[in-house]
Each structure stands twice: as C-alpha cells, then as structure tokens.
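Residue-level listing of the chains:
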Amino acid sequence: MASNSTKSFLADAGYGEQELDANSALMELDKGLRSGKLGEQCEAVVRFPRLFQKYPFPILINSAFLKLADVFRVGMLGSLASIIPERKNAHHSIRQSLDSHDNVEVEAAVFAAANFSAQSKDFAVGICNKISEMIQGLATPVDLKLKLIPILQHMHHDAILASSARQLLQQLVTSYPSTKMVIVSLHTFTLLAASSLVDTPKQIQLLLQYLKNDPRKAVKRLAIQDLKLLASKTPHTWSRENIQALCECALQTPYDSLKLGMLSVLSTLSGTIAIKHYFSIVPGNVSSPPRSSDLVKLAQECCYHNNRGIAAHGVRVLTNITVSCQEKDLLALEQDAVFGLESLLVLCSQDDSPGAQATLKIALNCMVKLAKGRPHLSQSVVETLLTQLHSAQDAARILMCHCLAAIAMQLPVLGDGMLGDLMELYKVIGRSATDKQQELLVSLATVIFVASQKALSVESKAVIKQQLESVSNGWTVYRIARQASRMGNHDMAKELYQSLLTQVASEHFYFWLNSLKEFSHAEQCLTGLQEENYSSALSCIAESLKFYHKGIASLTAASTPLNPLSFQCEFVKLRIDLLQAFSQLICTCNSLKTSPPPAIATTIAMTLGNDLQRCGRISNQMKQSMEEFRSLASRYGDLYQASFDADSATLRNVELQQQSCLLISHAIEALILDPESASFQEYGSTGTAHADSEYERRMMSVYNHVLEEVESLNRKYTPVSYMHTACLCNAIIALLKVPLSFQRYFFQKLQSTSIKLALSPSPRNPAEPIAVQNNQQLALKVEGVVQHGSKPGLFRKIQSVCLNVSSTLQSKSGQDYKIPIDNMTNEMEQRVEPHNDYFSTQFLLNFAILGTHNITVESSVKDANGIVWKTGPRTTIFVKSLEDPYSQQIRLQQQQAQQPLQQQQQRNAYTRF
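Just so it is clear, the structure is predicted and the values come from calculations on it, not from any experiment.

Caption draft 1: Up close: the overall build of the protein. When helices and strands are counted, the protein shows 37 helices and nine strands. A separation threshold of at least 6 residues defines the contact pool for the protein, and within that pool the share at least 24 residues apart is 72%.

Have a look at this one:
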C-alpha cells in the first residue's frame, strides 16, 4: 500500500504521465510531507518548486507554504516575511518563540525576527525593546547576543527607532570590547547608518577611529570593509578630514593587505563627488587645501608597488584625479597617470592568471576614461596599447582589443592610425582552435571594423577572410559577421553570412542566416548613392527593396512560436516602408519636371484661396508624403515602446530612425507646405559630443547639415522651386549614405521579461462566453506574474504594471432599450505594483445591454524612470449579458396584457374594412 501511494505521489509530482490540476497535485505532495519515511518527505519538499513554476498564483503558493511551514516551524515562517509582513498572529508567534527553552526554536525565531523587522515597521517597533532586553540581559548567552545584534540593522523605519538602536549599539561597542562583539556591533552600526541615512558622518568617524587606534587586524579589516560600503553608498557625506585621515592611515601602515583595503576605499571615493570636495578651496581660505598632497603622494607611491592590486588602485586614483580635477597645479599628474598605466599594462599583459587579468581590466578602464577626459593623451595611450598588443598573452589581447574599440568609438580620428598595426597583427595571429584564439579573432576583427569607420579596403577584407578560412568554428565566423553588421560593414557581412549557409543543420537557422545575408546585400546596394544623381538613387533604392523583400520572407520562415522574432520583423518592415517612402518622395520631386503645373493652376489657386495649388498636383503629393513620414515616425515610436528588454544602443538606433522620419516631415513642411509658420528652435543643432557610436555621430551630423540647408532656403524662394526639391532629395541621399547599424537586440536578447495574466472568472472553453445578468456587475479579477530570464533587471526594472480593461459589444440580442451612455461601454485603467513579481486587482464591469460583449485586458509596464512600455500581453474573454428573471417576467406579463388589446384593434380594423 505504501509503495502504491509513493508511486502515485511521484507520478503526480511531475515524474509520471498522469497530469492533475493544482489542488490534486498539492494534496498528493501533502501526503508525501506527512509520510512517516524521511526519504519521502525530502522528495516531497524538492517537488514544490516545480509546482510553483507550473501554478505561480498566490492561493496555491500560500497553501503550500503553510504546509511547508508546518514541517519547518518558525524557520519557514521567517522565509514568508515578504509575503505576510503584517500578519499579527505571525508576529505573536515569533515573540513567544524568543522566550522558548528550545535552542533550535529560539534560533529560528531570531531568523524570523530579522526578516520580519526588515519588512514590517509595526513589528520592528514592537520587537525593538524585546531585542534590547535580551541583548542586555545577563542570562542571555554571548552566542545568542551575537545573533540578536544584527536584527538592529533593520530598525531604520523612522528616526526615533533608528536613534534608539544606535544608542544601544554605542553601549555595546564600549561595554563589550571582545573582537567578535566589536565586529558584529560595528557592522550592524554601519548597515543601520547606510539604511537610515542618519548620522552617517558620525559612523565614518567612528570607523576611522577604530581603523587608526585599534591594534586588532580583524577589527581594522572590518572597518575598511564598512568604510568601502559607505564610500559607495553615501560618498557625499565624506568630508575632507575623513579622506585625509584615511590617507594618513594608508601612508603609515606597514601591512600590504590593509593598505590595499584602504586604497580600494580611496579608489571608490576618487570616482565620486568626494574627490572634488577634497581638492576644493574652502571659502575664506585662498591657500590650497591643507596637506592635500597626501592623497597624490600616496597614489604616486603605490603606482609602482610590487603588489598588483595596490598598483592598480593607485593608478585609478591618479586617473580619477586627472579627469575630475582641472586645476593647473594638478596637470602635472597626467604624465604620472600615463606612466603608471603603461607599467601596469606591461606587467599584467604577460601574465594570464585571473588576478593579473582583473588588474588589467582596471588599468584598461582607466585608459578609456583618461582618453575620454583628456583627449590630448589618447594618442600616447593608443600607441602603448598597439605596441604591447604584439607581445601580450591571448587573454590580455582580448581585453586590450576591447579597450582599443572603446577608444576608437569615442575618438574616431584615431582609427586610421590603428589599422596598419591591427592588420599586421591579424596576419600573424595564431590559428589554433582554442577558445581564446577564437575570442581574439572576434575582438580583433571588431576593432578593425570600428577603426575603418566606413568601408573596409579590399586588402583588409582579404586578410580577414584568409584568416577565417583556416578556422573551422562557424560560431566565430557568425560573431564576426554580426559585428560587421553592427558597424555598418555590410559587404563583409554579406560574404560571411553566405559562407555559413551550408554549415547549419536546422531549417530555421538557414532561413535566419539567409535573411541576414539579404539584408546586408540590400544595405550594400545603398552604398552607390551619389548626390545630385536622383535617377541613380531611385535605382539603388529599388534594388535594395528587392533584397529586403527576399530577406523578410526568409525572416518570417525563420520565426517559431517560441522565438517569434517580432522585433526583427517589425524593424525590417519599417525599414522597407521607409525606403519606399524615400523613393516616393524622390519621384514626387521629379514630377515637378516631368509634370509641371497646368496653365490654369494660378486661377485654381485664386479660386480655392490656397496659394499652394498653383504648383499643381505636387502640392497634394507633398502633403501625402509628409503624413506618410509622420506615420512612420509614430510606428517607430510604437516599436520603441514595445522593446522593454532592448539595450540602450538598440533603443537609440530606433530613436534615430524615428528622428530621420521627423526630419524629412519637418523639411517638407518648412520648405513647401507651410514655410511661414515653420520653427527651427526645437530642431536646433544638438551637437555630436554626446554620441556613443560612429553611426550616431554621422547621423547627427547629417541632421544638422540638413537643418542648416532647410533653414537657409526657408522663405527665400517661393515654393515649389527646383531648389526645394533638390534640397529634399539631397537630404534623403545623405541619410541613406550612412550605413544602417543592426544593433545587438536584433541578434541577441540579454534581458527577458514577460507577464503572464490570469482572469477570473474564466470559462472552461475559451470560445464560450461567461453568463452575466444585465442588472448585475461583473467583478473581474486580474492576477499576473512577472517572469524573468537569466539576467533580470539588466537594463531596466518594472516599477508598476498598468492594466487597461475595455469592452465592446459584439452582437445584440432582444429588443433595444434606452440605456444611459455610461452603461454602454467599459473603459478602465489601474496601476499596481508587483510584490515579489506578483500583482492582482479587480474591476467592476457593467453589461446593461443584452448581447455578447468582448472584454480585452491589456498590460503595460512603467520602469523606475517613469517611462511606460507597451509590453503586453493582451487577453480576451467573452461575456454574454442576459436579461434578469424579474425584468423578463414583467416584460412577458406586459406582452401578454397587450396581446388581447392588439387582437381587438385588429378585429375593429377588419370590421371597418
């Protein structure tokens, strides 16, 4: 009998063929929990996560947690703190368990008290005195005190509570000088100060005091760890005296481990506003800050230290000072920073150990920051990197290539100088199939694409292709092709995608690669555009559209239900429509020559009172073109809002496409349709200093040039002239001559966020409607779960979910009645904040009109910056509104009463006849 129950339990838990509903599965798992065999109990516990994944809704999860809590007692109750933070019976149970004589129960109560204090203000206020009495009580063992003290870090819900907890911790630090007690009390002290943001400067001074005066290394290490926490969380609270005291300690300590920790704190501070406060001149004191050179002296000493970590932090401090502080007396530090970075680069690039690679990353980040902040130093930094690239280890070469690519994207003028050395290195690079060699091939090719800026030379393409022919790893070739597409080298990308078509076994992969090849070929067709040659431009656009249509067909074939490629398809469709709109506008501009206005156009314009009609049919065509570009801009905006998981570079790319549409629309309006009221203030020159990529930089340059041309022609010539049409055509050609960049989100999805909705009541069959009486309101409950991928919140996080509920009448039944307009439609919206990725709310819907109604529930999200994203999903159910029995009875009675009267009227009519 026991074996049969075990078999049934295992099958229903997910390892058998039988599939049960949520309640039945939970009951079977409960049987396993109540089993007398320990193995079956453990097996039941590990089956619960799968149950939660399959049915992620609160009713089942709360029931399951209660059953688990019954097994694990108070320890499980502590884990439920985020779900039931204000449950008073749970608070009472924890207080009682703290007085228990069972050590296991007391420890579980301490764990639960810590979790509930973090979640509930009421519990924290009520338990604070209890915790204080136990900590100060002589009967409480020291080990238990050490476990109770960390609870005080959660007493940050208001200033009074935080102040009382701080006073208790102050007493503990002075009353119990043992190492363990001081370490636990100080760390709790720091966490309380960081959470409550009260008395943080006092906490910094206290930690510096222990760092300076306490001889115990463990206490010093704890003080350094907490100082680093406060340096990263509240750098604005650090005074010049605090930084000066930390510098003095670092200069005096003989221990490298402590010096490394102190330098890491200073390194963190040097990248914040605290470094400017340190070097600023106090009002009323025109002299330099007292002993401000101690920080510089410490950094200079440590730059060439035999400990790599100390040297890295010393160089980082020097770099941050050089970039952040523009005072003349600090300019001499530039060369010190450069020399320190060079020595660290030489030291770490020859070593492939993890420690050396971590130090090298710090040095390379400093190089990028120095090149960006002080552009006149970038040439020497690049030369150093190129020189060291030949002799470095492969792991170091990969990181150095990333650094070179970042510098070249910030300062494109350095790209041409890099190409020669990079191509020489690509020729002699090893041809082994190790992972490092494959990664190096990709990284080096990326730098070459960035440095080439426009199109690759024939020699460069030959070198890359020759090197890739010896590499049997198709994934490496694909990654290089993907980088070529991102950098706008579409001719190279097309050839690489073509070479991969026969190396994939999946039909979907084949269509995906074929679509990428067609898209690259389509963009390559646009490289032949020339200014003032409009017939050639039409041919190039037509050729590009031909390959784009082939590509979109392959892309559609590559999509699957699990991977629908919705962003890719919409992005390409918009590109096709944009190219067609460009082609149509050029044809419209050419029609001024091929179909000039008729002789009576002036008379027609005077009759209609529209001066623009004297230009003939081109005026209406221009208006249609302007509306088309505005529609495309709106669609790009919709794509932007639907791309919640996209990286910032992809979103910026979509935004640039939208701005291109708005630019042409504005140009048409300013030159032809309404030159008198056109304004150029909101479209003023935005500059290119903030551009993060070469593509963005070139697009912004085109925007500024087009706006200048339009503004110079505005109101100078009467529309429509050949000058106006030439300006529009040249603007189109200038935009298309910038190679399109296919950004990361087109190929790779690093963040995945989706929302799963459940509506109740819900029909058993989705096609069946829910029956509701017309004199009652339907309480529609909407529950949802936010589901994440492997990297939740990588780019942005959900702050709230917006639920929009609307209903439309599908079909009427019965007679028409006079119903108030408010009762005819339902349109509601609510915002809810997810709690542990779960949310729920209710809507009251009115269905006064008899018939079948379609209810649509659509969700969107709002991130931490207040931006609304249309993520979906969109769920639909049907409701059938039925006449209530009482109204139906009254209506039938009235009909029956009217029937004799109608019959009598008919007989009278026959008699008269």
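Caption draft 2: Geometry of the packing of aromatic side chains. Here the structure, examined in full by the defined rule, presents 20 aromatic pairs. Their ring planes at 80° and their centres at 6.4 Å tell us that Trp512 and Phe747 sit as a pair that is edge-to-face. Here Trp512 is found in helix 28 (residues 507-525), whereas its partner Phe747 is found in helix 36 (residues 744-747), with 235 residues between them in sequence. Each member of the pair Trp512 and Phe747 is classed as buried. Taken together through their ring pairs, the aromatic side chains of Trp512, Phe519, Tyr548, Phe567, Phe571, Phe742, Tyr745, Phe746 and Phe747 make up a single cluster. For Lys217, the ring lying beneath its charged end belongs to Tyr255, and the centroid distance is 3.9 Å.

Caption draft 3: Examining the pairing of strand 9 (residues 874-882) more closely. Inspection of the sheet shows strand 2 (residues 770-773) paired to strand 9 by four bridges, in the parallel sense. Bridge assignment links Ile770 to a residue of strand 9, and that residue is Val879. Sheet topology places strand 7 (residues 851-863) next to strand 9; eight bridges connect them, and they run antiparallel. Across the sheet, Val857 pairs through a bridge with Thr875, a residue of strand 9.

Caption draft 4: View of the packing of helix 34 (residues 694-713) against helix 35 (residues 722-736). Direction vectors running N to C along helix 34 and helix 35 enclose 175°, while the axes themselves pass 10 Å from each other. Relative to helix 35, helix 34 is oriented roughly antiparallel. Of the residues in helix 35, those touching helix 34 at Met699, Val702, Tyr703, Val706, Glu709, Val710 and Leu713 are Met723, His724, Cys727, Ala731, Ala734 and Leu735. Across the contact of helix 34 with helix 35, the residue classes break down as eleven nonpolar, one polar and one charged.

Caption draft 5: Highlighting the environment of Leu258. Here Leu258 shows up in helix 15 (residues 256-270). The exposure class assigned to Leu258 is buried, which follows from its relative accessible area of 2%. Sequence separation between Leu258 and Lys217 is 41 residues; the distance between their C-alpha atoms is 8.3 Å.

Caption draft 6: Up close: the environment of Leu545. Tracing the sequence through the fold places Leu545 in helix 29 (residues 534-558). Note: C-alpha distance between Leu545 and Asp577 (32 residues apart in sequence) is 9.3 Å. Beyond its immediate stretch of four places on either side in the chain, Leu545 contacts Ile576, Leu579 and Gln580.

Caption draft 7: Up close: the sheet that holds strand 3 (residues 777-788). Ordered in space as 1-3-6, the three strands form an open sheet in which the pairing is antiparallel. Of all the strands in the sheet, the pair left with one neighbour each is strand 1 (753-760) and strand 6 (838-846). Each strand axis lies, on average, 25° off the axis of its neighbour in the sheet, ignoring direction. Pairing analysis gives eight bridges linking strand 1 to strand 3, with the strands arranged antiparallel. Within the sheet, the bridge partner assigned to Ser754 lies in strand 3 and is Gln787.

Caption draft 8: The arrangement of helix 10 (residues 159-175) in detail. Taking 1.5 Å per residue as the helical rise, helix 10 with its 17 residues ought to reach 24 Å, and the 24 Å between its terminal C-alpha atoms agrees with that figure. Of all the positions in helix 10, only Leu161, Ala162, Ala165, Arg166, Leu168, Leu169, Leu172 and Val173 are classed as buried. End-on view of helix 10: buried residues confined to an arc of 165°, all on one side of the axis. Across from the buried face of helix 10, at angles greater than 90 degrees, the exposed residues are Ala159, Ile160, Gln167 and Thr174. Residues of helix 10 that are buried in the fold lie against helix 8 (121-136), helix 11 (179-196) and helix 12 (200-213).

Caption draft 9: Expanded view of helix 12. In this model, helix 12 (14 residues) spans 20 Å end to end at C-alpha, consistent with the 20 Å of a helix rising 1.5 Å per residue. When helix 12 is considered as a whole, its buried residues turn out to be Thr200, Gln203, Ile204, Leu206, Leu207, Leu208, Tyr210 and Leu211.

Caption draft 10: Region of the structure containing the confidence of the model for the protein. Looking at the protein, the pLDDT average stands at 85 and 88% of residues meet or exceed 70. When pLDDT is averaged over each element of the protein, helix 28 comes out on top at 96 and helix 1 (residues 2-15) at the bottom at 39. Note that pLDDT drops below 50 for residues 284-291; the model gives that stretch eleven contacts with residues more than four away or on any other chain. Per-residue pLDDT stays below 50 along residues 684-689; that stretch engages in eight contacts with residues further than four places along the chain or on separate chains.

Caption draft 11: How the structure looks around the packing of helix 19 (residues 333-349) against helix 20 (residues 354-373). As a packed pair, helix 19 and helix 20 sit with axes 9 Å apart at the nearest point and diverge in direction by 150°. Note on packing geometry: the crossing formed by helix 19 with helix 20 is left-handed. The segment helix 19 lies against helix 20, with Val338, Leu341, Leu344, Leu345 and Cys348 engaging Ala356, Gln357, Thr359, Leu360, Ala363, Leu364, Cys366, Met367 and Leu370. Grouping the constituent residues of the contact of helix 19 with helix 20 by class yields twelve nonpolar, two polar and no charged.

Caption draft 12: Layout of the state of the cysteines. A complete count under the given rule lists zero disulfides for this structure. In this model Cys249 remains outside any disulfide bridge; the closest cysteine sulfur is found in Cys247, 9.4 Å from its own. Free cysteine: Cys540, not disulfide-bonded; nearest cysteine sulfur from Cys525 at 7.4 Å. We classify Cys540 as buried; its relative accessible area is 13%.

Caption draft 13: Representation of the pattern of salt bridges within the structure. In the structure shown here, the tally under the stated rule is 28 salt bridges. Among the salt bridges present, the one from Lys130 reaches Asp99, with a minimum N-O distance of 2.4 Å. Placement of the pair is Lys130 in helix 8 and Asp99 in the loop between helix 6 (88-98) and helix 7 (103-119), with a sequence separation of 31 residues. When salt bridges with common partners are traced through the structure, they connect Lys461, Lys465, Asp491 and Glu495 into a single cluster.

Caption draft 14: Representation of the pairing of strand 4 (residues 798-812). As judged from the 13 bridges shared by strand 4 and strand 7, these two strands associate in the antiparallel manner. Note on strand 7: the bridge partner recorded for Val805 is Val857. Pairing of strand 4 with strand 5 (residues 826-832), which is carried by seven bridges, proceeds in the antiparallel orientation. Across the sheet, the residue bridging to Cys802 is Arg831, located in strand 5.

Conventions we followed
Residues numbered from 1 in each chain as written. Predicted model: local features only at pLDDT ≥ 70, side-chain atom pairs only at ≥ 80, totals over all residues. Heavy atoms only, no water. Helix = DSSP H or I, 4+ residues; strand = E, 2+ residues; numbered from the N terminus. Contact = heavy atoms within 4.5 Å. Phe/Tyr/Trp six-rings, centres within 6.5 Å; stacked < 30°, edge-to-face > 60°. Buried < 20%, exposed > 50% of the residue type's maximum accessible area, 1.4 Å probe, protein only. Lys NZ or Arg CZ within 6 Å of the ring centre and 35° of its normal. Pairing = 2+ DSSP bridges. Axes fitted to C-alpha atoms, helices over the stretch in contact; angles between N-to-C directions. Parallel < 35°, antiparallel > 145°, perpendicular 65-115°, else oblique. Nonpolar A, V, L, I, M, F, W, Y, C, P; charged D, E, K, R; others polar. Expected span 1.5 Å × (residues − 1). Arc of directions from axis to C-beta. pLDDT = per-residue confidence, 0-100. Left-handed = near helix turned anticlockwise from the far one by under 90°. Disulfide = S-S within 2.5 Å. Salt bridge = Lys/Arg side-chain N within 4 Å of Asp/Glu carboxyl O.

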